[in-house]
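Coordinates in review
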Amino acid sequence: MSPRKSKSLSIAIVIIFAVIGWIAYFGFRTLEHEVLLRHYQAQTLAQTRIAQAGAFIMNWLEQRATRFELLMELKPNDNSTLKTLDDDIEDVFVLQKNKLLYPDESQPLTQKEQEWARLLTPIVQEPSLLYGHSTESEEQAPLAGWFVINEMQEPVLLYWRNKNGEVIGFRVSYVRLLFDVVNAADFHFGGDLLRIKENGRLLYQSKPDEQLSKLVRLGAIHLPYPLSTWQIEYEGQPASTLIIYGWGSLFLLALMAIVGLVVFRFYREYTQTTRLAQQQVNFVSQVSHELKTPLTNIRLYAELLKEDLSAEDGEGLRYAEVIATESQRLSRLIQNVLMFARMPKLNIQPINLQTLIRQMVDTFTPSFQAKGMSIVVSMPEQISINSDLDRLTQIMSNFLSNAEKYAAKGKQVHLTIEKQAEHVDIAVRDYGAGIPEKEVKMIFQPFYRIKSAITEGVSGTGIGLTIARQLAESLGGEILVNHPVPGVQFVLRLKQS
Amino acid sequence: MKMSRVVVSMLLSCVLSWSASAKMAPSVTIKTEIATPIILENTQDKNYLKVSLTGFSLDVKKRSPINLALVIDRSSSMSGDRIEKARDAAIMAINMLDGDDLLSVITYDSVVEVIIPAAKVKDKAKLIETVKKNTQPRGTTALFAGLSKGIDQASKHLHKEQVNRIILLSDGQANVGPTSVGELSELAKIAAKKGIAITTLGIGDGYNEDLMAAIAGYSDGNHAFVKHPADLEAIFVKEFNDVMSVVAQNLEVSIHLANNVIPVRLLGRDGEIKGNKVKVRLNQLYSNQEKYVLLEVIPAKGMRAETKPLAEVNVSYENLGSKQKDTYQKALAVRYTHSAEETKSAMVEDVLADSAIQLMALESERAIQLMDEGKVAEAKEVLNTSARALEALPISQPATKKKIQENVSQNDRLIERMGRENKASARKALKEQSYNTQRQNSSSAP
């Protein structure tokens, strides 16, 4: 594999990977975003449902509170009848300052009543305990509220109101609350699960254990006071993200495969074209090689014939000369082709450009003169450059022979050398028909020839400029094309090392 | 035409009701007795006041409709024989009920499921099919939630004239939700307030007998230790006989003690003592069974030949035979004497025996405590001592003698069981026995 081919292959690979990488990156980011969105939605849903369940429980307290407020409006004078007012009232107390009016410990009490009074002792001693848990307003003590005594194994739940200096409190059965929650809780959230826990103990679960596999927690809250030991948890299925990632990745992979294939297809087409061109070149170079030997013979015998013939044989001598010149030209053409096909080794050396240019002008003057053309040279006195003599000569010859071939009617060719700060420009300008700008790119392609009146009837391989450009690149230089009017200027720009 | 028919029917119903009352509407036989009605002057010894209630015979065809909720543990520990027998028992229950009876079936593991919502028993085949389908064991034991749902279902159609009953079946420790004896007792009280009794059946050696007995106790239901699942059917039959023979409900016995009479404690059945007032509630009374309230009192001091009031006893209940509320009232007095001989001869043997039996039940509770402390030998000793003391009671009446003998031999069987069986099993048997004695239930022990 030629280095050229491997280079184009690596470029193709880089492009493929870049595009695939881009798709993968942005695709994945989109998927991530989608998953995050779903996750967020699921969490919002979970929060809503948790709040719903929380409201359901707190509503139980609110209902009692409302009822007790009403009862207190109708408060009978006999404290002992307070208890019989509502089925939900388990016990009652009436407190005035630090004195318990009911249950009245100076009267005989049942065992249960004695326990109740004992339980109230801390509140009797320090009534502000009742609202000590609410931190919102310290200056203004609230006049009613819930209170919970958590020290006992079974919490004691109280609703109290301060009415004209008397604090009336109702105890509601905590177990009753548990009982009502267990019975009334009826949530169905499809595959999702809601749990109500009291002090870490499971009270309600919306689905049996066996259907709980692979659920993840989406949210959990503690209820507000007085039920701060209560927790509501919500669990849902995480499977949706897997599906998004799964299908998403599949889609991305498909997209990447398609893009990869397209790029690869382009690469294949490109390499096929270059291979075809290479085959052409190989063919031509082989043929040229085969032609070299018979051509040498032809030239040799044409020269011999020329020497043998004297000036008298006017006709014959002219024929022999034509054969010799034409075979020489043919030989040059073959040389070009071979040069294009197999580039010889680079041989950098200091070159005196003056000498070189003089030689070139000497070589080309006869054929120029034959067409009535002249070469005008303008160059600095002393100028030399490090380069490969053969290749330089080849490039210059190409420029000059092009001018000779296609711009003969311009009569003049300007050869200039200009020394710049970093490079040396060697320019050949003719005064012919010039090259249309859109064709400039094409002329450097192998075997391309401008189809016009100029090229009509002029022999050429179509690879002269291609070779010249290759050679210029191999020397670290470049070929520029300018369009002065009339004509065209080819500039060989070489770096001054 | 229409009018006359109404008049006739009214007349007829008048005659019928009159003839019914003329036939003496059956009522609960109530007896109030004092262990020692004649007291030695200037002494203050413990005395016992017994209010005995005996249910009348009931025509089986005229039994009250039953509102039954079956709460079945289906946790994984019930797998195998237990759930099968429980299923069979449930199916048997369905078959024993009539179209007028209400039934609901609740199963619980870690969650609760009402597999048959409370409704009249109509399509038995379908109900049985539902039970069969929904009793596959799984999960843990959410007893609180299960029982809550049971109470909820039974409360759906509460009527005065029907017998409301929950049968709770479990073989394990409650391990989900509230599990303490206190909390489940509260739950039982909620049921009791609604007039629903909970019968608890503990299967095998794994359940918490204190918890199960407390639930039954606070709701005035029965409690039984089902050692082998195969016994379940027999226990169910017994339970059904009880439920179908309820003759009175919501019985309330209130004893108002006279001045200077001090109430000490209630033996057996629990109640409320406030000052000189004592109140005991019974959820129901079964046909031909005696239940009693036994109060330990210290009478006032008195002079010879003096008669002082001791207490006034009031009883009220809903008579399921006449569908009316019956009341009963009686004043009790004691007489004082100087002769120990006279005191002795006036003693009521039956009351003495019952108080001794109840004291033995208290000793059984103490034996359970000793067992919990690992003192099995001492526990046996306590049981043995109380049995011997009971035996030694000077009783002449054959019926009372028989009752004492039954209790003694039961006690001895228990002592023997303690030597033979594992601790968990013996403890459960002891608990069951003590529960039944305190509640005056006939024992289900084989």
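Everything numeric here is computed off the predicted structure, so don't read it as measured data.

**Considerations on the overall build of chain A**
If you tally the helices and strands in chain A, you get 9 helices and 16 strands. Relative to the compact-globule value of 23 Å for 497 residues, chain A shows a C-alpha radius of gyration of 53 Å, a clear excess of over 25%. Overall size of chain A, expressed as C-alpha extent along the three principal axes, is 170 × 50 × 40 Å. Counting the 497 residues in chain A, one finds 40% classified as buried. Counting only contacts in chain A whose residues sit at least 6 apart along the sequence, the fraction spanning at least 24 positions is 63%. Summed over its atoms, the accessible surface of chain A is roughly 28500 Å², and 56% of this surface lies on carbon and sulfur atoms. With 50 positive and 54 negative side-chain charges, chain A shows a spacing of 11 Å between the two charge centroids.

**So, helix 4 (residues 174-184) of chain A**
Taking burial as the measure, the 11 residues of helix 4 of chain A include 9 buried ones, the bulk of the element. Where helix 4 of chain A is concerned, the buried positions are Tyr174(A), Val175(A), Leu177(A), Leu178(A), Phe179(A), Asp180(A), Val181(A), Val182(A) and Asn183(A).

**Points about a nonpolar patch on the surface**
Residue and element names in this part refer to chain A. A surface patch of nonpolar side chains, about 370 Å² in accessible area, is lined by Trp22, Tyr25 and Phe26. Along the chain, the position of Tyr25 falls in helix 1 (residues 3-73). Owing to a relative accessible area of 45%, Tyr25 belongs among the partly exposed residues under this scheme.

**Here we look at empty space enclosed by the protein**
Residue and element names in this part refer to chain B. A complete count under the given rule lists 3 cavities of 30 Å³ or more for this structure. Within this model, the second largest cavity holds a volume of roughly 60 Å³. Along the walls of the second largest cavity sit Asp220, Gly221, Asn222, Arg269, Gln284, Tyr286, Lys291, Tyr435, Arg439 and Asn441, which together make up its complete lining. Looking at the lining of the second largest cavity residue by residue, the classes come out as 2 nonpolar, 4 polar and 4 charged.

**Points about the sheet that holds strand 15 (residues 478-482) of chain A**
Hydrogen bonding along the main chain pairs the strands of a sheet, whether they run parallel or antiparallel. All names here are of chain A. Spatial ordering of the open sheet is given by 11-13-14-16-15, a layout of 5 strands whose pairing is mixed. In the strand order of this sheet, the two ends are held by strand 11 (374-378) and strand 15, each with one partner. Across the sheet, the mean angle from the axis of one strand to that of its neighbour is 15°, orientation sign disregarded. Direction of pairing for strand 14 (residues 423-430) relative to strand 16 (residues 489-495): antiparallel, over a ladder of 7 bridges. Of the residues in strand 16, the one forming a bridge with Ile426 is Leu492. Across the sheet, helix 7 (residues 353-370) lies against strand 11, strand 13 (412-419) and strand 14, angled at about 165° from strand 11, the strand it touches most. Contacts from helix 9 (residues 464-474) reach strand 15 and strand 16, with the element oriented near 130° to strand 15.

**Comments concerning the packing of aromatic side chains**
Two aromatic rings are characterised by how far apart their centres lie and by the angle between their planes. According to the stated counting rule, one finds 18 aromatic pairs over all chains in the structure shown. Taking the centre distance of 5.0 Å and the plane angle of 50° together, the rings of Trp22(A) and Phe26(A) count as tilted. You can see Trp22(A) and its partner Phe26(A) sitting in helix 1, 4 residues apart, about one turn around the helix. Site record: aromatic cluster; members linked through ring pairs are Phe56(A), Phe187(A), Phe189(A), Tyr204(A) and Tyr234(A). One Lys or Arg, Lys50(B), reaches over the ring of Tyr292(B) and ends 4.8 Å from the middle of that ring.

**Remarks on unusual backbone geometry**
That bond from Tyr102(A) to Pro103(A) is cis: its omega, -5°, falls within 30 degrees of zero. Cis peptide bonds are those with omega within 30 degrees of zero, and the linkage from Val485(A) to Pro486(A) qualifies with -5°. Among the structural elements, Pro486(A) can be located in the loop between strand 15 and strand 16. At Lys411(A), a position not held by glycine, the phi torsion is positive, near 65°. By secondary structure assignment, the location of Lys411(A) is in the loop between helix 8 (389-406) and strand 13. Its relative accessible area of 47% is what places Lys411(A) among the partly exposed residues. The phi dihedral of Ala305(B) is positive, around 70°, even though this residue is not glycine.

**Examining the confidence of the model for chain B**
All names here are of chain B. Residues of chain B with pLDDT of at least 70 account for 93%, and the chain-wide mean is 88. A low-confidence stretch, residues 6-22 stays under pLDDT 50, and its non-local contacts, those more than four residues away or across chains, total 1 contact. Here the predicted complex scores 0.70 on pTM and 0.84 on ipTM.

The rules behind these values
Residues numbered from 1 in each chain as written. Chains lettered and ligands numbered in written order. Predicted model: local features only at pLDDT ≥ 70, side-chain atom pairs only at ≥ 80, totals over all residues. Heavy atoms only, no water. Helix = DSSP H or I, 4+ residues; strand = E, 2+ residues; numbered from the N terminus. Rg over C-alpha atoms; globule rule 2.2 N^0.38 Å. Buried < 20%, exposed > 50% of the residue type's maximum accessible area, 1.4 Å probe, protein only. Contact = heavy atoms within 4.5 Å. Areas by Shrake-Rupley, 256 points an atom, 1.4 Å probe, with all protein chains shown as cover. Lys, Arg positive; Asp, Glu negative; His and termini not counted. Charge placed at Lys NZ, Arg CZ, Asp CG, Glu CD. Patch = residues over 30% accessible without salt bridge, like charges linked within 9 Å, V, L, I, M, F, W, Y side chains within 5 Å. Salt bridge = Lys/Arg side-chain N within 4 Å of Asp/Glu carboxyl O. 1 Å grid on protein atoms, 1.4 Å probe; cavity = no way out; pocket = protein on both sides within 12 Å on 5 of 7 lines; lining within 4 Å. Points joined across faces, edges and corners; volume = space filled by probe spheres on them. Nonpolar A, V, L, I, M, F, W, Y, C, P; charged D, E, K, R; others polar. Pairing = 2+ DSSP bridges. Axes fitted to C-alpha atoms, helices over the stretch in contact; angles between N-to-C directions. Phe/Tyr/Trp six-rings, centres within 6.5 Å; stacked < 30°, edge-to-face > 60°. Lys NZ or Arg CZ within 6 Å of the ring centre and 35° of its normal. pLDDT = per-residue confidence, 0-100.

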